[in-house]
Structures are given as C-alpha cells and as structure tokens.
Amino acid sequence: MKRYDLRHLKDDFYDKMLTIIKKDLSKKEVGIFIFEIGDFSHIQKSADAIKDAGHELLNSLKFNEADWTIVVRKKG
C-alpha cells in the first residue's frame with residue numbers, strides 16, 4: 001500500500017493519479033490518493049476515472065475540510 005499526495009495539482013490530478021496507478025502500483029496493490037476537494041464534482045470524476053480505467057475504488061471519504069481521500073486497488 002502506497003500513499004500519494006496530489007493536493008498540489010489542484011484540479012489537474014486525474015492524469016497523474018492514473019499514471020501513478022499504471023506505473024507505480026503492482027497488480028492488485030492498493031494506493032491511497034489525497035486531493036483537494038475544490039468543486040465536489042472532482043469526487044465523482046475521480047471515481048469515474050478509476051472505474052473507466054478498470055481499477056477498483058475501495059473507499060472514498062472526506063479527509064478534512066479541504067481534502068478528499070480515495071483508496072484504489074489496481075486491476076489484476
């Protein structure tokens with residue numbers, strides 16, 4: 001399990017998140033991603049991006065007032 005802080009990317013974290021999953025995680029390995037909420041549409045967009053890439057979204061929760069955390073398992 002690895003943790004990645006994508007808050008510095010603001011609204012442009014989707015491509016980086018998917019690249020990390022593809023290159024840094026082993027098959028079936030879990031990654032924890034934290035990003036800035038900003039507009040709440042990013043929560044659904046991140047879930048859709050994970051699903052469209054064929055990975056499994058294990059959890060999605062509010063981390064604090066400004067940040068959101070998602071837990072993803074890379075497809076096997």
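Since we're looking at a predicted model, the values are computed, not measured.

Colleague: Describe in detail the overall build of the protein, supporting the description with residues and values.
Modeller: When helices and strands are counted, the protein shows two helices and four strands. When the helices and strands of the protein are listed from N to C terminus, the series reads β-α-β-α-β-β. Taken against the 2.2 N^0.38 rule, which gives 11 Å for 76 residues, the C-alpha radius of gyration of the protein at 11 Å falls within 12% of a compact globule. In terms of overall dimensions, the protein has C-alpha extents of about 35 × 20 × 20 Å along its principal axes. Every one of the 76 residues in the protein was classed for burial, and the buried ones make up 38%. Counting every atom, the protein has about 4700 Å² of accessible surface; 50% of that belongs to carbon and sulfur.

Colleague: Let's hear about the nonpolar core: which residues, and what values?
Modeller: Of all hydrophobic cores here, the largest spans 16 residues; its most connected members are Met 17, Ile 21, Phe 33 and Ile 70. The set of elements that each furnish at least two residues to this core consists of α1 (14-24), β2 (30-36), α2 (41-52) and β4 (67-73). Once residues lying within four places of it in the same chain are set aside, the contact partners of Ile 70 are Met 17, Gly 31, Ile 32, Phe 33, Phe 35, Ser 46, Ile 50, Leu 57, Asn 59 and Ser 60.

Colleague: Tell me about the packing of aromatic side chains, and name the residues and values.
Modeller: All told, the structure shown has four aromatic pairs when counted by the stated rule. Consider the rings of Phe 40 and Trp 68, whose centres lie 6.5 Å apart with planes at 85 degrees: the pair is edge-to-face. Of this pair, Phe 40 sits in the loop between β2 and α2 while Trp 68 sits in strand β4, and the two are 28 residues apart along the sequence. Taken together, the ring pairs connect Phe 13, Tyr 14 and Phe 35 into an aromatic cluster.

Colleague: Please set out the environment of Arg 7 residue by residue, giving values where relevant.
Modeller: With respect to the helices and strands, the residue Arg 7 is situated in the loop between β1 (2-5) and α1. Of the residues examined, Arg 7 reaches a relative accessible area of 26% and is grouped as partly exposed. Taking the C-alpha atoms as reference points, Arg 7 and Phe 33, separated by 26 residues in sequence, lie 9.1 Å from one another. Contact partners of Arg 7, with chain neighbours within four places excluded, come to Ile 34, Phe 35, Glu 36 and Asp 67.

Colleague: So what's going on with the side chain of Lys 74? Which residues, and what values?
Modeller: Turning to its location among the elements, Lys 74 is positioned in the segment after β4. It is Glu 29 that comes nearest to the buried, bridge-free Lys 74 among opposite-charge side chains, at 7.4 Å. Setting aside anything within four residues of it in sequence, one finds Lys 74 in contact with Ile 21, Lys 22, Leu 25, Ser 26, Lys 27, Lys 28, Glu 29 and His 55.

Reading the values: rules and limits
Residues numbered from 1 in each chain as written. Predicted model: local features only at pLDDT ≥ 70, side-chain atom pairs only at ≥ 80, totals over all residues. Heavy atoms only, no water. Helix = DSSP H or I, 4+ residues; strand = E, 2+ residues; numbered from the N terminus. Rg over C-alpha atoms; globule rule 2.2 N^0.38 Å. Buried < 20%, exposed > 50% of the residue type's maximum accessible area, 1.4 Å probe, protein only. Areas by Shrake-Rupley, 256 points an atom, 1.4 Å probe, with all protein chains shown as cover. Core = buried A, V, L, I, M, F, W, Y, C linked by side-chain atoms within 4.5 Å. Contact = heavy atoms within 4.5 Å. Phe/Tyr/Trp six-rings, centres within 6.5 Å; stacked < 30°, edge-to-face > 60°. Lys, Arg positive; Asp, Glu negative; His and termini not counted. Salt bridge = Lys/Arg side-chain N within 4 Å of Asp/Glu carboxyl O.

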